[in-house]
Amino acid sequence: MVKLLIIADDFTGALDTGIQFVNKGIATQVFTKMPEAIGDIDESTEVLVIDSETRPMPAAKAYDAVKNITGWAKAINIPVIFKKTDSALRGNIGSELQAVLDGSGHDKVYFLPGYPKIDRCTVNGTHYIQGQLLEKSVFGQDPFEPVKLSYIPDIIAQQTALKCACVKRNEALNDIKSDERIVICDVEKHKDIEERLDELQEKDELCIIAGCAALAEALADKLRFDAAKPQSYRKSENFLVECGSLNMITQNQLDYAEEHGFSRIHMTVEQKLQKDYYSTQAGLEFLRKMQEECEKDRCLIIDSIDWEEDKKGFMEANKLTMNDVRTLIPTAHGHVADHLAANKQDTTILMTGGDTLMGYMKLIGCTQITPVCEIEQGVVVSNLKNHGFVQQIISKSGGFGTKDVLVKIADKIKIKKVYKGVAEADAVKIVRPASCRVVPPCKTYGECGGCVLQHVDFPTENELKRKLLQTTLNKAGINVRVSDTVFDKEYEYRNKLQMPFTVDGGEITLGFFRRNTHDVVALSG
């Protein structure tokens, strides 16, 4: 039985919200359009996510689409409707909030727009990104959807005449006037969301709510669900990043990944924007080459970041609009992913940019995807069936993630080395701990490369070191027996130590290198 409907305006938003429930073992389905029949929804599904794909639509069309979905949900008695909004308030915020009210027949929608864990907060009704006014952040310069205001009632007023109320963190909801139908709640800390949901439950008004993935995370603990054991991602031989985002945050992530060993290919303007390119000999050759590049056991980036002069000239010559560009670039990336699926290649594909994964799914006529887990905050691993092959797809919004997020994901997802009959990889999770496994005493163990055996007890550590030396000597043809390791102290036995440091903005960071990198991991107590 479906207990919660989530309506998202783009596909990455649908996934990064739905995954908050999947992470807790709650049966969740994600659709790219409204289900054609009730039978399309599994009987076990408790959370249903629908991507209305209204982000690029005119406000009036977005209103109609969201109202239609909301009315359908009301007709089949889904008790809670959650209008998912972008954490940077891009899209048709006002028209879609009015649509859920008109479609549901409810008096008020409670809007909690903040995402404090990634420093996106609402204070006195004004939205901030990492301490900056929203309009002054990178989202104010978005090439498709620049947000030019920061005061949320003003953003909403661009598309609806409904009155708003702004409620501060510690204020109760008791004084909301009857004609104030959109209630904007300040969010500076995650507990603000939790406490507001508690208040709504006590008032029996947890029916129509709006917000981003942070609200979903809190909601997963507030509603009663039948939770099962969560799933995890699988390792793959290769890792491909397909970037359809123009966001500066993503561009910085690509540059960092390239500096740390990723290979990178820039699509030409024809590969991005020529409508029939992938049915030409040149297009087929490009796809074959991309398959070969992935097979070289490497981490690869394919990006469609623009050279403005080339793009402008091509658009004028071919009479393309910006809406055409917004469709053609995701479709181009989709052709690459489709070719890899057709050839059953074991490559995990990360698609960044809100339209990129959706473009691929439209290309292959796929309307459902199965979210598996969240590999990094806001970065979702899913399974997608194509050509009878299950592809592991990762989706990331263009404005999400730390500078090193692609490197960190590659380190988790990629099989390190493949030998004859043996594959080297990292542990994803511990199903049943060995009797010798212990809790490492160092807080940075596993992140830095200073130590590798703190997770085993002292006798086992000594025996592993003895066996390592024995194996090394035997492989060299030296057949002697190595005696037991002689150590009387488990820690604090070094008499020499070299520690790297970095200086960033006048601040010195002292520590050890992260394994296989020259990034310094700061020491902690």
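K.L.:
Go over the nonpolar core with me, naming the residues and quoting the values.
P.N.:
Formed by 70 residues in total, the largest nonpolar core has its most connected members in L4, F11, F21, L219 and L357. Membership of the second largest hydrophobic core comes to 36 residues, among which are L89, V100, I129 and F139.

K.L.:
Any chance you could break down the packing of aromatic side chains for me, citing the residues and the numbers?
P.N.:
Counted by the stated rule, this structure contains 4 aromatic pairs. Between F239 and F262, the aromatic rings sit 6.1 Å apart at their centres with planes inclined by 80 degrees, giving edge-to-face as the arrangement. Taken together, the residues span a long stretch of sequence, with F239 in strand β12 (residues 238–243) and F262 in the loop between α7 (248–259) and β13 (263–266) at a distance of 23 residues. Under the relative-accessibility criterion, F239 is labelled buried at 1%. The interplanar angle of 55 degrees and the centroid separation of 6.3 Å between the aromatic rings of Y278 and F286 together place this pair among those described as tilted. Judged by relative accessible area, Y278 falls into the buried class, the value being 10%. Aromatic rings pair up to connect Y277, Y278 and F286 into one cluster.

K.L.:
So what's going on with the packing of helix α1 (residues 11–22) against helix α6 (residues 213–222)? Which residues, and what values?
P.N.:
Two elements in contact, α1 and α6, have axes separated by 8 Å at closest approach and are oriented at 20 degrees. Relative to α6, the element α1 is oriented roughly parallel. In this structure, α1 meets α6 at a crossing whose hand is right-handed. Contact residues: α1 offers D16, T17, Q20 and F21, while α6 offers A213, A216, E217, L219 and A220. In terms of residue class, the contact of α1 with α6 is made up of 5 nonpolar, 2 polar and 2 charged.

K.L.:
Please give an account of the sheet that holds strand β7 (residues 126–129) that cites residues and values.
P.N.:
Spatially, 3 strands are ordered β6-β7-β8 in an open sheet, and the strand pairing comes out antiparallel. Because the sheet does not close on itself, it has two edges, and the strands there are β6 (120–123) and β8 (132–133). With 2 bridges joining them, β7 and β8 adopt antiparallel strand pairing. Opposite I129, over in β8, you have Q132 as the bridge partner.

K.L.:
Which residues make up helix α3 (residues 93–104), and what are the values?
P.N.:
Between its first and last C-alpha, α3 extends 17 Å over 12 residues, near the 16 Å set by a 1.5 Å rise per residue. Within α3, 10 of the 12 residues are buried, leaving the element largely enclosed by the surrounding structure. What α3 keeps buried is the set I93, G94, S95, E96, L97, A99, V100, L101, G103 and S104. A positive backbone phi angle near 80 degrees is found at G105, which sits one or two residues after α3.

Thresholds applied
Residues numbered from 1 in each chain as written. Predicted model: local features only at pLDDT ≥ 70, side-chain atom pairs only at ≥ 80, totals over all residues. Heavy atoms only, no water. Core = buried A, V, L, I, M, F, W, Y, C linked by side-chain atoms within 4.5 Å. Buried < 20%, exposed > 50% of the residue type's maximum accessible area, 1.4 Å probe, protein only. Phe/Tyr/Trp six-rings, centres within 6.5 Å; stacked < 30°, edge-to-face > 60°. Helix = DSSP H or I, 4+ residues; strand = E, 2+ residues; numbered from the N terminus. Axes fitted to C-alpha atoms, helices over the stretch in contact; angles between N-to-C directions. Parallel < 35°, antiparallel > 145°, perpendicular 65-115°, else oblique. Left-handed = near helix turned anticlockwise from the far one by under 90°. Contact = heavy atoms within 4.5 Å. Nonpolar A, V, L, I, M, F, W, Y, C, P; charged D, E, K, R; others polar. Pairing = 2+ DSSP bridges. Expected span 1.5 Å × (residues − 1).

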